[in-house]
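Observations on chain architecture
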Amino acid sequence: QVQLVESGGGLVQAGGSLRLSCAASGSIASINVMGWYRQAPGKKRELVADITSGGLTNYADSVKGRFTISRDNARNTVSLQVNSLKPEDTAVYYCNADVRTRLYTRGIYWGQGTQVTVSS
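Cut-offs and rules
Within any chain, residue numbers begin from 1 and follow the written order of that chain's sequence. For this predicted model, a pLDDT threshold of at least 70 governs which residues receive local features, and a threshold of 80 or more governs which side-chain atom pairs are given and counted, while totals over whole chains, interfaces and linings are taken from all residues. Neither water nor hydrogens contribute to the side-chain values; these are computed over all heavy atoms in the structure. Only a pair of cysteine sulfur atoms within 2.5 Å counts as a disulfide in this structure description. Secondary structure counts use DSSP, requiring at least four H or I residues in a row for a helix and at least two E residues in a row for a strand, with both numbered from the N terminus. Residue exposure (1.4 Å probe, protein chains only): buried if accessible area is under 20% of the type maximum, exposed if over 50%, otherwise partly exposed.

Scanning the entire structure with this criterion turns up one disulfide. The disulfide partner of Cys22 is Cys95, and the gap between their sulfur atoms is 2.1 Å. Where Cys22 bonds to Cys95 through sulfur, the torsion about that S-S bond is close to -80°, and the disulfide is left-handed. In this pair, Cys22 sits in strand 3 (residues 18-26) while Cys95 sits in strand 9 (residues 91-101), placing the two residues 73 residues apart along the sequence. On the accessibility criterion, Cys95 (0% relative accessible area) is buried.

This part takes up unusual backbone geometry. At Asn76, a position not held by glycine, the phi torsion is positive, near 55°. A positive phi is found at Ser84, a non-glycine position, where the angle reads about 50°.

Such coordinate-based values are descriptive only and should not be taken to indicate function.
Take a look at the structure:
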């Protein structure tokens, strides 16, 4: 079994910053892509950013230049530095990982989500 646990959300004023972190644990052999998604009330879950094990990154247009994703392969962690926050960034942020387990299975795993609220 694989678990993803996020931390770092909170309430921040517009223009502020936060750092979201996610740690994966369990029967992990390797992790290909790790990413962050978000879901605002009444909207679909959307990709914010993801990163491959080799360090290739991909960002949603709405966050380019403001958010930075990074990961530590040895620790199975992924972080998202979020700067210059806007009220429209308010959402629940979810960590996501494409995991190959030690039981020779592969699956997409999700964290429980962390709330980010940006006040104007």
